[in-house]
Amino acid sequence: MRALALACALLSAAPALAQSPIGRAPTMQAAIDGKPSWLLPFSPDIDIDFARGRFWGAQASQITVTRATPGTALDQAGNLWTFGSGEARVTNRGLLIEAASTNILLNSLAPATQTVTVSNATVYTCSVVGSGSLALTGATTGAVTQAAPLTFTTGSTSLTVTVSGTLVGFQCETGNYASSIIPTTGTAAARNADVVTLSVSGIGSTLTLYGQGTPLAPASFATNQSVVSVSDGTTTNRAVLFRTTATAVGSYLASPTSYATVTSLPQGAGFRGAARAQTTLHAVAYNGTAPTTNSGTFTATGLNQMQFGMAGGAAGQFQGYVERVGLWKTRGLSDAQVQTLSSPAAP
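Residues numbered from 1 in each chain as written. Predicted model: local features only at pLDDT ≥ 70, side-chain atom pairs only at ≥ 80, totals over all residues. Heavy atoms only, no water.

*Asks:* For the nonpolar core, give the residues involved together with the corresponding values.
*Replies:* Counting residues in hydrophobic clusters, the biggest one holds 40 residues, and the most contacted among them are Ile48, Leu95, Leu198, Leu207, Val230, Met306 and Phe308. Setting aside its immediate chain neighbours within four residues, methionine 306 contacts Ile46, Val196, Thr197, Leu198, Val200, Val228, Ser229, Val230, Val325, Gly326 and Leu327. In terms of nonpolar packing, the next biggest core, distinct from the first, is built from 17 residues, Ile104, Val118, Phe152 and Leu159 among them. (Core = buried A, V, L, I, M, F, W, Y, C linked by side-chain atoms within 4.5 Å. Buried < 20%, exposed > 50% of the residue type's maximum accessible area, 1.4 Å probe, protein only. Contact = heavy atoms within 4.5 Å.)

*Asks:* Any chance you could break down the side chain of arginine 238 for me, citing the residues and the numbers?
*Replies:* You can see arginine 238 is positioned in strand E24 (residues 238-243). There is a polar contact of 3.3 Å between the side chain of arginine 238 and the backbone oxygen of threonine 235. Within the structure, arginine 238 has its side chain in polar contact with the backbone oxygen of alanine 311 (distance 2.8 Å). (Helix = DSSP H or I, 4+ residues; strand = E, 2+ residues; numbered from the N terminus. Polar contact = N/O pair within 3.5 Å; in protein donor to acceptor, adjacent residues only side chain to side chain.)

*Asks:* Break down the pairing of strand E27 (residues 271-277) for me, citing the residues and quoting the values.
*Replies:* Taken across its seven residues, E27 has seven buried, putting it largely inside the fold. Both faces of E27 are covered, namely the face carrying Phe271, Gly273, Ala275 and Ala277 and the face carrying Arg272, Ala274 and Arg276. In this sheet, E27 lies alongside strand E22 (residues 207-215) in antiparallel orientation, the contact comprising seven bridges. Paired with glycine 211 across the two strands is glycine 273, which belongs to E27. The pairing of E27 with strand E28 (residues 282-286) spans four bridges and is antiparallel. Counterpart to glycine 273 in the pairing with E28 is tyrosine 286. (Pairing = 2+ DSSP bridges.)

*Asks:* Please give an account of the pattern of salt bridges that cites residues and values.
*Replies:* Enumeration over the complete set of coordinates arrives at nine salt bridges. One salt bridge connects arginine 52 with glutamate 323, and the closest N-O pair in it is separated by 2.7 Å. Linking arginine 52 in the loop between strand E5 (46-49) and strand E6 (54-56) with glutamate 323 in strand E31 (residues 320-328), this pair joins segments that are 271 residues apart in sequence. Classification of arginine 52 by relative accessible area gives partly exposed; the value is 29%. We classify glutamate 323 as buried; its relative accessible area is 16%. The partner of arginine 191 in a salt bridge is glutamate 98, with the nearest N and O atoms 3.6 Å apart. Taken together, the residues span a long stretch of sequence, with arginine 191 in strand E20 (residues 189-191) and glutamate 98 in the loop between strand E11 (94-97) and strand E12 (101-103) at a distance of 93 residues. Relative accessible area serves as the criterion here: at 1%, glutamate 98 is assigned to the buried category. Members of the salt-bridge network, linked through shared partners, are Arg67, Arg89, Glu98, Arg191 and Asp194. (Salt bridge = Lys/Arg side-chain N within 4 Å of Asp/Glu carboxyl O.)

*Asks:* I'd love a proper account of the packing of aromatic side chains, names of residues and values included.
*Replies:* In the structure shown here, the tally under the stated rule is five aromatic pairs. Relative to phenylalanine 308, the ring of phenylalanine 50 lies with its centre 5.4 Å away and its plane at 70°, an arrangement referred to as edge-to-face. Taken together, the residues span a long stretch of sequence, with phenylalanine 50 in the loop between E5 and E6 and phenylalanine 308 in strand E30 (residues 305-308) at a distance of 258 residues. We note that phenylalanine 50, like phenylalanine 308, is buried. (Phe/Tyr/Trp six-rings, centres within 6.5 Å; stacked < 30°, edge-to-face > 60°.)

*Asks:* Just give me the short version of the layout of surface pockets, but keep the residues and values in it.
*Replies:* A volume near 520 Å³ is recorded for the largest pocket. Lining the largest pocket are 28 residues, and of these Leu74, Gln146, Pro149, Ala178 and Leu216 lie nearest its centre. Of all the elements in the fold, those that place two or more residues in the lining of the largest pocket are strand E8 (71-74) and strand E14 (123-130). When residues in the lining of the largest pocket are grouped by element, the largest group, four residues, is from E14. (1 Å grid on protein atoms, 1.4 Å probe; cavity = no way out; pocket = protein on both sides within 12 Å on 5 of 7 lines; lining within 4 Å. Points joined across faces, edges and corners; volume = space filled by probe spheres on them.)

*Asks:* Requested: an account of the sheet that holds E14, with residues and values cited.
*Replies:* Strand pairing in a sheet relies on backbone hydrogen bonds. The paired strands run either parallel or antiparallel. With antiparallel pairing, three strands are arranged side by side in an open sheet as E17-E14-E19. On the outer flanks of this sheet lie strand E17 (150-153) and strand E19 (167-174), each paired with one strand and no other. Here the strands of the sheet are splayed against their neighbours by 15° on average, with no regard to which way each runs. Pairing of E14 with E19, which is carried by seven bridges, proceeds in the antiparallel orientation. Within E19, the position partnered with cysteine 126 by the bridge is cysteine 172. (Axes fitted to C-alpha atoms, helices over the stretch in contact; angles between N-to-C directions.)

Structure (structure tokens):
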């Protein structure tokens, strides 16, 4: 575990990031009542804009990252960046949060034609980064490009991947989702799940959450994907803003359990969501829609942390880029305010 920091290397000849990475001082802007003009509406206690390196109510050094393996992430131009063990994977797309996975292709950051062993009758997904392509033969037949990963069920135990053109990374992993490229050398290698946490004092049982990001998992992904949560570090006491397995945007309260969900959210579609949790009624809105409400009560106590791209505890990874999060620690915004907050017109 370490404090959030960014130390990365670019694996292409492209220019530097269009936005400076996390930890930089934000561009000076006019202040409104002593607060920066970029702040989310309705005076949040915490506002963290990962994609632009802007912080309010917390500092980058207060955020801890647990992932005992290296990883990679893409920037807005499609360039591949590498990150060391325990380093936050932040580019100008936001903070990348993913569950664990394993890349079976060898020397994945220097792609070369090879044959690997796979499990028969098993779902795999192969993906690449670069302008070239990957031809698959043996256990399946097909082509892979950066724009078109390939998901398939194996028909044998031997898979040959043939590289054409220029690739800076490639990967084959089990499951129906192309996660970020996992660095490997002479053997297959795993990437541990991202766990990114901020300790927060003074969170009440009436609160509001804001989350903005882009989920990358398909609608058939097996688990809910959480963009932001508050909890006591367990799944017993928590409030979560998440994308469901049915691709709806929802809020979830535990202690006791209650849901509110609204609309659908396709793979790769950016969204802004806001959720109110309180003792009498909670609500969730998405991209400016009218809130969906639920009369379930929220009586959680001991809430002491925010998790980014997680659902409390160490699960429910977002499987995508978390661009921005916000927290009103003791205020349940009105339905109208929740709707406004989730609007694309918000800062």
